[in-house]
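Structure assessment
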Amino acid sequence: MMTLNYDTKSDYTVHLPNHTKRYDIFSSGRTFVTYDQTRPLEEQLPFTAWIADLLQEAAVCEQQQREGEEQRAVASEEIKEAHQRLRKLVRIMRKTLDAAFPETPTKAKGWGFKVKQSTARIILPQTPEEHLNVADAYIVKELSRPEEERFTSPNLTDVIAVRNAVAEKVALRNAGQNQRETAIARANAIAAELYDHLQGAASFLMSFRYKNVITPELQNWGYVVVTRRSAAQNGDDKTAENGSTTNGSSEGTLDTVTNDLLTP
């Protein structure tokens, strides 16, 4: 851990964005870049181009996250509808097998069903995965038999179509979820890197522009500058110039240690 202290006797202290909230970090980064790019090119900070590049990548991640979540949500709803259709077909399958093997229900195992030994009854699957497994086994079994021997209810073509629809929607849901999670992970990594740059830029400004003196001008770059509690009449920190209250944990300190970011 490395802590940098500047102007410890100042009436002001500098607060960086919450390092556990990437949207706060991105917001501070945008303010930083927007302001610094209004200054003459020769006066712009060396961090500005890096931060701008990270923000562009972060915007791509945010778009990928939204698209992944939308795909996941839509596919999840479509899975419910397709699974209801599959459940109905599986119940028809059981009725057909009950009728086909009234004396030997254990033969239904060949079509993917389980049979309860104590009652010799064909058991219906319970979970979506179990329904899909039964459909897979049923399709394989029926395709292995001569066409003239196949069951006509349910229609094998319908079973294959519904089974494929469920599998397709599950794949789309999982792909959307994976895209969302991958985008969040990358956005968190970008935010951690951006946070480090914001700390470095603050240190640069303090060292080379303001001669180690904390000033409200740092707010131009998106930093929050507040008066120390010891300097505030009411005992609370106040934002410099506008008087709105805020609380912070490090007074006059720029802490270079970052923690894992939280997923919003």
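Before reading further, recall that the structure is shown in the block above.
The structure displayed is predicted, hence computed values, not measured ones.

So, how was this worked out
- Residues numbered from 1 in each chain as written.
- Predicted model: local features only at pLDDT ≥ 70, side-chain atom pairs only at ≥ 80, totals over all residues.
- Heavy atoms only, no water.
- Helix = DSSP H or I, 4+ residues; strand = E, 2+ residues; numbered from the N terminus.
- Buried < 20%, exposed > 50% of the residue type's maximum accessible area, 1.4 Å probe, protein only.
- Contact = heavy atoms within 4.5 Å.
- Areas by Shrake-Rupley, 256 points an atom, 1.4 Å probe, with all protein chains shown as cover.
- Expected span 1.5 Å × (residues − 1).
- Arc of directions from axis to C-beta.
- Axes fitted to C-alpha atoms, helices over the stretch in contact; angles between N-to-C directions.
- Parallel < 35°, antiparallel > 145°, perpendicular 65-115°, else oblique.
- Left-handed = near helix turned anticlockwise from the far one by under 90°.
- Nonpolar A, V, L, I, M, F, W, Y, C, P; charged D, E, K, R; others polar.

1. Focus: the overall build of the chain
Counting secondary structure elements, the chain contains 4 helices and 7 strands. Burial status across the chain gives 39% buried among its 264 residues. A separation of at least 24 residues holds for 69% of the contacts in the chain among residues at least 6 apart in sequence. For the chain, the accessible area works out to roughly 14,900 Å², and carbon and sulfur atoms hold 49% of it.

2. With respect to helix 3 (residues 128-144)
Here helix 3 is 17 residues long and its end C-alpha atoms lie 25 Å apart, about the 24 Å a rise of 1.5 Å per residue gives. Considered for burial, the residues of helix 3 that qualify are H131, L132, V134, A135, Y138, I139 and E142. Projected down its long axis, helix 3 shows its buried positions confined to an angular sector of 160°, all on one face. Opposite the buried face of helix 3, at more than 90 degrees from it, the exposed residues are E129, V140 and S144. Lining the buried residues of helix 3 we find helix 2 (47-100) and helix 4 (156-209).

3. Here we look at the packing of helix 1 (residues 22-36) against helix 4
Pairs of packed helices are described in terms of their axes, by the angle between the two and the distance that separates them. Viewed as axis vectors pointing N to C, helix 1 and helix 4 meet at an angle of 50°, and their least axial separation amounts to 9 Å. Here helix 1 lies oblique to helix 4, going by the angle between them. Between helix 1 and helix 4 the crossing geometry is left-handed. Taken together, the residues of helix 4 that come into contact with helix 1 (itself represented by R22, I25, F26, S28, G29 and F32) are I184, A187, N188, I190, A191, L194, Y195, L198 and A201. Grouping the constituent residues of the contact of helix 1 with helix 4 by class yields 11 nonpolar, 3 polar and 1 charged.

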